[in-house]
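Listed here are the chains, written in short residue letters.
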Amino acid sequence: MLRKTQPGRRGLGGGLRLYHRLVAKKIGILTAGGDSPGLNAAIRAVGKAAIRAHGMTVIGFKDGFRGLMENRYIQLESDDLSGILTRGGTVLGTSRTNCTKVEMPDGTVIDGRTEMARVIEEHQIDALVCLGGDGTAKNAIKLESVGVQVLTLPKTIDNDVVGTDVTFGFDTAVNIATEAIDRLHSTAHSHHRIMVVELMGHTVGWLALGAGLAGGADVILIPEIPHDVDTVAKSIVARKEAGSTFSIAAVAEGAISAENAAKRAEMVPEKAKATGERKATLKRALVEFDKANVGGTSDLAKKLSDLTGLESRLTILGHVQRGGTPTPADRLLATRLGTACADFIAAGIHGVMIAARGQDTIAVPLDEVAGQTRAVPVDHSWVLSARRLGISLGD
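Fair warning: this is a prediction, and the values are worked out from it, not measured in the lab.

**Q** Would you take a moment to explain the sheet that holds strand β4 (residues 57-61) for this structure?
**A** To summarise the sheet geometry, strands pair through backbone hydrogen bonds and adopt either a parallel or an antiparallel arrangement. In space, the 7 strands of this open sheet follow the order β5-β4-β3-β8-β9-β14-β15, with mixed pairing throughout. The two strands at the open ends of the sheet, each matched to only one other strand, are β5 (73-76) and β15 (360-365). Across the sheet, the mean angle separating the axes of adjacent strands is 30° when strand polarity is ignored. Sheet topology note: the β4/β5 ladder contains 4 bridges and is antiparallel. Each residue of the ladder has a partner; that of G60, found in β5, is I74. Here helix α11 (residues 328-346) sits on the sheet in contact with β3 (26-31), β8 (127-132), β9 (150-154), β14 (352-357) and β15, set at roughly 135° to β14.

Right, here's the structure in full:
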């Protein structure tokens, strides 16, 4: 395992721990959470750079953290990593697993960190590379606490990971969503309809905002800007009166009405002040509230039809946004981050996420990433551009 030689010393990104150079001989790699375009490009970059530039051995664990705990692995050689750059999904497989709450076949739930650490020790792995988002960063910190040395790479189509300018997978998803909106323009025009397109993004609006702007949507609704359905309807009616025969609405799956946003705003501070069982109850209530809000686009489409007198049609793109060949931009980003990751491992750095900042690639401490969400700033240039174009944001 890597040996600490300078405890507490600060390095790139702040708070990093530095170790002897070039002591890593073997690394592990896994993909966790939802699949995302660019994962194979990142696996290839980490693996080939580790093997060719640093003479390391690379082991791939199948199906994420669960596969790590169950010691399901393959040794990755350069030939194994050839031909996967353009493939969607992940050749290693993935799963959503909380390291400290692993459900077993008999229904019991265990803390899997001890077994994961044992597997790492058995293989004499010096550093574990985990490709994922916020949940993966949380798991990485938990594994670090039991002596496993971890680095993460930011992937998600949601683009909601803090500390990096962009996540790989986002550009591909924007391209897919934009093409869908492009295709809906012709049918909307032909039938004089409101076309409502629900886009993924979890609780942030990067995907809906980017695709909506690129696809020429007339309405863009995102979670960061609570909307009023009457305001949206009025903007569509105004378009009709000005001669437009159709409207396109790009709606993030987590978009929230002003009314529900006000209710949520009351729940959050109440949970923060509560303690014990009361706090746990309010936390569950908040989770259920958010679940109920996600996917309300069907009701929105019906309300818009009732308020405007125009026929509306709903298209939910769903997981199609995760699939397919990654764009060149995502391949380049994944390659940049992956090769940099191998260099950071060789330099003895761990407990970090490898992030893109401008043209640079930096290491950000995991405790600055985990448990946070990178939302769209309400004064972001994309938001300001939408307003200047007359696109309704529902407020």
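**Q** Quick question: what am I supposed to make of the pairing of strand β12 (residues 247-252) here?
**A** Along a regular strand, successive side chains alternate from one face of the sheet to the other. By the criterion of burial, β12 is predominantly enclosed, with 6 of the 6 residues buried. Going residue by residue along β12, you find S247, A249 and V251 tucked away on one face and I248, A250 and A252 tucked away on the opposite face as well. Here strand β10 (residues 194-199) runs beside β12; their pairing, made up of 6 bridges, is parallel. Opposite L199, over in β12, you have A252 as the bridge partner.

**Q** Can you help me understand the sheet that holds strand β11 (residues 219-221) in this one?
**A** Strands sit in the order β11-β12-β10-β13 across an open sheet of 4 strands; the sheet is parallel. The open sheet has two edge strands, β11 and β13 (312-316), and neither has a second partner. Shown here is a sheet whose adjacent strand axes are inclined to one another by a mean of 15°, direction ignored. Of the strand pairs in this sheet, β11 and β12 are connected by 3 bridges, and their pairing is parallel. Note on β12: the bridge partner recorded for I220 is A250. Contacting β10, β12 and β13, helix α5 (residues 170-191) runs over the sheet at an angle of about 165° to β10.

**Q** Got a minute to help me understand the pairing of β14 in this structure?
**A** Taking burial as the measure, the 6 residues of β14 include 5 buried ones, the bulk of the element. Inspection of the sheet shows β9 paired to β14 by 2 bridges, in the parallel sense. Residue T152 lies in a different strand from β14, and its bridge partner there is M353. With 6 bridges connecting them, β14 and β15 associate as antiparallel partners. Bridged to R357 within β15 is D360. The hairpin turn running from β14 into β15, its antiparallel successor, is 2 residues long, and G358 in that turn takes a positive phi close to 60°.

**Q** I would appreciate a short explanation of the confidence of the model for the protein in the present structure.
**A** Detailed reading of the predicted coordinates is not advisable wherever pLDDT is low. In the predicted model, the protein carries a mean pLDDT of 89, and 94% of its residues have values of at least 70. Within the model, pLDDT remains below 50 along residues 1-22, and this stretch shows 57 contacts once partners closer than five positions in the same chain are excluded.

**Q** Please explain the packing of aromatic side chains as it appears in this structure.
**A** Geometry of an aromatic ring pair is reported as the spacing of the ring centres plus the angle between the planes. Scanning the entire structure with this criterion turns up 2 aromatic pairs. Relative to W382, the ring of W206 has its centre 5.9 Å away and its plane inclined at 80°; by these criteria the two rings are edge-to-face. Placement of W206 in helix α6 (residues 206-214) and of W382 in helix α12 (residues 381-388) is noted, with a sequence separation of 176 residues between them. Assessed through its relative accessible area of 3%, W206 is described here as buried. Seen from the ring of F246, R239 lies directly overhead, with NZ or CZ sitting 6.0 Å from the centre.

Rules used throughout
- Residues numbered from 1 in each chain as written.
- Predicted model: local features only at pLDDT ≥ 70, side-chain atom pairs only at ≥ 80, totals over all residues.
- Heavy atoms only, no water.
- Pairing = 2+ DSSP bridges.
- Helix = DSSP H or I, 4+ residues; strand = E, 2+ residues; numbered from the N terminus.
- Axes fitted to C-alpha atoms, helices over the stretch in contact; angles between N-to-C directions.
- Contact = heavy atoms within 4.5 Å.
- Buried < 20%, exposed > 50% of the residue type's maximum accessible area, 1.4 Å probe, protein only.
- pLDDT = per-residue confidence, 0-100.
- Phe/Tyr/Trp six-rings, centres within 6.5 Å; stacked < 30°, edge-to-face > 60°.
- Lys NZ or Arg CZ within 6 Å of the ring centre and 35° of its normal.

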